[in-house]
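As a plain string of letters, each chain reads:
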Amino acid sequence: MVETKEEKVHKVFEKISPDYDRMNSLISFKLHLFWRKQTMELMRVKKGAKVLDVCCGTADWTILSAKYVGESGSVVGLDFSENMLQIGQEKVSESGLQNVTLIHGNAMELPFEDNHFDFVTIGFGLRNVPDYLQVLKEMNRVLKPGGQAVCLDTSQPNIPLWRPFFNTYFRHVMPLFGKLFAKSYEEYSWLQESTRTFPGMGELSDLFYEAGFRYVRYISHSGGASATHFGYKKVTIDEI
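Residues numbered from 1 in each chain as written. Predicted model: local features only at pLDDT ≥ 70, side-chain atom pairs only at ≥ 80, totals over all residues. Heavy atoms only, no water.

### Quick word on the pairing of strand S4 (residues 117–123)
Heads up, the condition is: Only protein chains enter the accessibility calculation, which uses a 1.4 Å probe; a residue whose area is less than 20% of its type maximum is buried, one above 50% is exposed, and one in between is partly exposed. Strands here mean DSSP runs of E at least two residues long; helices mean DSSP runs of H or I at least four residues long; both are numbered from the N terminus. Being paired, for any two strands, means DSSP has found at least two bridges between them.
The element S4 is largely enclosed, with a buried count of six among its seven residues. Across six bridges, the pairing between S4 and strand S5 (residues 143–154) is parallel. If you follow Phe119 over to S5, its bridge partner there is Gln148.

### Description of the UniProt feature "binding site: S-adenosyl-L-methionine" (unreviewed entry) in the protein chain
Keep this limit in mind: UniProt positions are given in the numbering used here, feature names are shortened, and annotations may be inferred rather than shown by experiment. We call two residues contacting when some pair of their heavy atoms lies within 4.5 Å. Within 3.5 Å is the distance limit for a polar contact, defined as a pair of N or O atoms, with the added protein rule that one can donate a hydrogen and the other accept it, and that residues adjacent in sequence qualify only through two side-chain atoms.
Feature annotation in UniProt assigns "binding site: S-adenosyl-L-methionine" (unreviewed entry) to the following positions: Thr58, Asp79, Asn106 and Ala107. One can find Thr58 in the loop between strand S1 (50–54) and helix H4 (60–69). For Asp79, a relative accessible area of 8% puts it in the buried group. The residues contacting Asp79, other than those within four sequence positions of it, are Cys55, Cys56, Gly57, Met84, Leu85, Ile103, His104 and Gly105. Polar contacts involving the side chain of Asp79 include one to the main-chain amide nitrogen of Gly57, which spans 2.8 Å.

### Some details on the sheet that holds S1
Filter applied, for reference: Whenever a helix is involved, its axis is fitted only over the stretch in contact; in every case the axis is a line through C-alpha atoms, and angles between N-to-C directions fall within 0 to 180 degrees.
The sheet built from seven strands is open, its strands ordered S3-S2-S1-S4-S5-S7-S6 with mixed pairing. Each of the sheet's edge strands pairs with one partner strand only, and the pair in question is strand S3 (100–104) and strand S6 (213–221). Averaged over all neighbouring strand pairs, the angle between strand axes comes to 15°, with direction disregarded. Of the strand pairs in this sheet, strand S2 (residues 74–79) and S3 are connected by five bridges, and their pairing is parallel. Residue pairing across strands places Val75 opposite Val100, the latter belonging to S3. Lying over the sheet, helix H5 (residues 82–95) contacts S2 and S3, oriented at roughly 170° with respect to S3.

### Focus on the packing of helix H1 (residues 5–16) against H5
The test is simple: Just so you know how the angles are binned, under 35 degrees is roughly parallel, over 145 roughly antiparallel, 65 to 115 roughly perpendicular, and the rest oblique.
Following both chains from N to C, one finds H1 and H5 inclined at 40°, their axes separated by 7 Å at the closest point. Considering their axes alone, H1 and H5 lie oblique with respect to each other. Contacts between H1 and H5 involve His10, Phe13 and Glu14 from the former and Glu82, Asn83 and Met84 from the latter.

### Some remarks on the pairing of strand S7 (residues 226–233)
Within S7, seven of the eight residues are buried, leaving the element largely enclosed by the surrounding structure. Sheet topology places S5 next to S7; seven bridges connect them, and they run antiparallel. Residue pairing across strands places Asp153 opposite Ala227, the latter belonging to S7. Summarising the sheet, S6 and S7 pair through seven bridges and their orientation is antiparallel. In the strand pairing of S7, Phe213 is matched with Lys233. Connecting S6 to the antiparallel partner S7 that follows it, the hairpin turn spans four residues, and Ser222 within it adopts a positive phi of roughly 50°.

Take a look at the structure:
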């Protein structure tokens, strides 16, 4: 029986969860921390906001968002890997934050009512879902009118001399790191494939528009190694 992408991804993240944070820092040379911080500054999150972090993994972005929204705000982190959530919950408990809730759920069918959140984020998770457009539509659905969706993920470098090095690194070096430091060559080999086949910045921007977002823009990080896309939910005349 052929394994679906969803089944494959779940198995991968259940296995690599103990080494996930360490490997993220190793593979990205800790640049993912800078990319996330830069993204948060551009989002302009206000105190009291309600945030949903989709595919939250071990809850790094969830926790960071909770610090921005303050005690009057709230952040929900959602992921379909129980093992990743368990590590995330330990980190939330250690942080002492009281405005964070982590739940088990599927990004393809978010368990929230329409028009509920001020911000919906997804960090390094969209490339692993079965249907990019479906997840973006779900993010749009649960946003309040005028709310902002933000996707930080790997991308396709747009600098000619940088592209071959990037492709070689992700295709050969990243799986080797997985084998040496996490004993997970097969899993990291699969993750490089999801990175290689993920849409480039312009193509992903088009998907944002197709999902119903407006005023879509994106910024490139580190020569296109990653990118952040921003989109806003449409506001109708009746909602003004």
